[in-house]
Amino acid sequence: MTKLLNGNQLAIEIRKEISKEIEKNILNQKKRVPHLGIILTGNDQSSITYVNSKIKECKNIGIKSSLVHLPVGCLENRLLEEINKMNQNPLIDGFIVQLPLEKHINQDKIILSINPKKDVDGFHPENFGKMALNMKAFFPATALGILTLLERNQINISGKHTVVIGRSRIVGSPISILMSGKSHLGNSTVTLTHSHTPNIEHYTKQADIIIVAVGIPEFLKGNMIKKGAIIIDVGINSIKNEKKILGDVDFHSVYGKASYLTPVPGGVGPMTRVMLLKNTLIAALNRKNK
Ligand code: NAD
């Protein structure tokens with residue numbers, strides 16, 4: 001029997017909690033509403049869709065958002081200028097630069113230029129380093145969303161063997177750090193696998209928990225897991241011409257063998273989106289001015 005981990009449902013609950021917290025600790029204290037800045041570059045359709053849904057979610061929950069949309073081919077310096085404005089603006093609590101960036105822009109330079117105190121995506125090395133050292137920081141939204149999904153479903157990960165597939169900066173690497181961290185949400189024994197790992201099923205067959213973030217539709221098959229494993233599917237792969245989205249897990253062969261499974265859509269995705277709102281709330285609560 002496989003239980004589906006419903007990210008949509010949990011995200012609704014967490015949004016309500018955030019709304020209540022905004023009311024209690026911000027509005028009732030006569031402070032101004034949290035304010036998220038968003039910088040979008042170019043005209044990548046997925047990025048535009050993601051940004052629009054972030055703006056909508058902010059609005060629904062009582063967070064103000066401001067979008068700066070720079071045109072295709074905009075110079076790196078122009079983007080740095082906008083980042084600097086957001087860094088300096090006392091009315092912006094936190095902001096994100098929507099990734100990916102166009103090839104001519106140096107992504108590392110961009111991330112390094114964001115004030116870590118406003119880095120609600122948690123991508124700046126100061127936040128990433130603090131996360132690795134178990135210090136208070138902004139954690140990347142997808143990793144935080146996965147941990148919250150596990151925690152709120154009372155899935156204990158301490159002492160379990162977790163195999164993460166994929167080592168990207170935004171998903172695989174941070175989730176492997178957090179799952180193995182010395183905290184009540186960690187203490188798992190983590191094996192991080194990637195494109196240079198031979199014979200991945202050797203690892204996945206031993207895993208109690210598998211987190212898949214490779215960007216390859218239906219990569220993890222039922223015959224690669226042990227019975228009762230907990231499977232977290234991070235993948236969002238849009239299949240051209242079919243107008244559908246597939247995860248990185250072959251749902252049909254894993255369903256029935258796993259004990260828990262996140263559906264795509266409706267699993268990790270909504271949790272990622274709500275964690276950006278949560279990080280924005282934290283940034284607003286951290287502010288010194290009213
Ligand atoms: P990425 O392309 O940056 O990284 C992919 C990782 O997979 C790399 O580390 C690579 O080493 C590894 N990999 C590639 N081929 C492999 C193979 N054959 N065997 C083992 N490892 C392999 O991708 P990403 O940004 O981490 O995203 C991964 C997937 O998750 C994508 O589908 C993306 O759309 C999705 N995603 C979803 C959310 C969400 O909120 N649900 C958030 C971010 C990304």
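For the structure given in this document, a descriptive report is provided here. (Residues numbered from 1 in each chain as written. Predicted model: local features only at pLDDT ≥ 70, side-chain atom pairs only at ≥ 80, totals over all residues. Heavy atoms only, no water.)

## Quick word on the nonpolar core
Part 1 of the argument: With 50 residues, the main nonpolar core has Ile211 and Ile232 as its most contacted residues.
Part 2 of the argument: Secondary-structure elements contributing two or more residues to this core are helix 1 (7–27), strand 2 (35–41), helix 2 (45–61), helix 6 (141–152), helix 7 (172–180), strand 7 (209–212), strand 8 (230–233) and helix 10 (268–286).
Part 3 of the argument: Top contributing element to this core by residue count: helix 10, with nine residues.
Part 4 of the argument: The residue makeup of this core includes at least three contributed by each of domain 1 (31–115) and domain 2 (141–268).
Part 5 of the argument: Discounting residues that sit within four places of it in the chain, Ile232 has contacts with Leu5, Ile146, Leu150, Ile210, Ile211, Val212, Thr262 and Val268.
Part 6 of the argument: One finds Ile165, Ile210, Val212 and Val249 within the second-largest nonpolar core, a separate group that totals 15 residues. (Core = buried A, V, L, I, M, F, W, Y, C linked by side-chain atoms within 4.5 Å. Buried < 20%, exposed > 50% of the residue type's maximum accessible area, 1.4 Å probe, protein only. Helix = DSSP H or I, 4+ residues; strand = E, 2+ residues; numbered from the N terminus. Domains from an automatic or database assignment. Contact = heavy atoms within 4.5 Å.)

## A few points about the pairing of strand 8
Part 1 of the argument: The alternating pattern of strand 8 places Ile230 and Ile232 and Ile231 and Asp233 on opposite faces, both of which are buried.
Part 2 of the argument: Relative to strand 11 (residues 260–261), strand 8 runs parallel, the two sharing two bridges. Looking across to strand 11, one finds that Ile230 is bridged to Tyr260. (Pairing = 2+ DSSP bridges.)

## Remarks on the packing of aromatic side chains
Part 1 of the argument: Here the structure, examined in full by the defined rule, presents one aromatic pair.
Part 2 of the argument: Each ring, one from Phe251 and one from Tyr255, has its centre 5.4 Å from the other, and the planes form 15 degrees; the classification is stacked. (Phe/Tyr/Trp six-rings, centres within 6.5 Å; stacked < 30°, edge-to-face > 60°.)

## Here we look at the packing of helix 1 against helix 6
Each pair of packed helices can be described by the angle between their axes along with the distance between the axes.
Part 1 of the argument: It is the contact of helix 1 with helix 6, at a shortest axis distance of 11 Å, that shows an interaxial angle of 95 degrees. Viewed along their axes, helix 1 and helix 6 adopt a mutual orientation that is roughly perpendicular. The segment helix 1 lies against helix 6, with Gly7, Leu10, Glu13, Ile14 and Glu17 engaging Thr148, Leu149 and Arg152.
Part 2 of the argument: Of the residues in the contact of helix 1 with helix 6, the class split is three nonpolar, two polar and three charged. (Axes fitted to C-alpha atoms, helices over the stretch in contact; angles between N-to-C directions. Parallel < 35°, antiparallel > 145°, perpendicular 65-115°, else oblique. Nonpolar A, V, L, I, M, F, W, Y, C, P; charged D, E, K, R; others polar.)

## Considerations on the side chain of Ser173
Part 1 of the argument: Looking at where Ser173 falls in the secondary structure, it is placed in helix 7.
Part 2 of the argument: Residues contacting Ser173, with those up to four places away along its chain left out, are Phe128, Gly166, Arg167 and Ser168.

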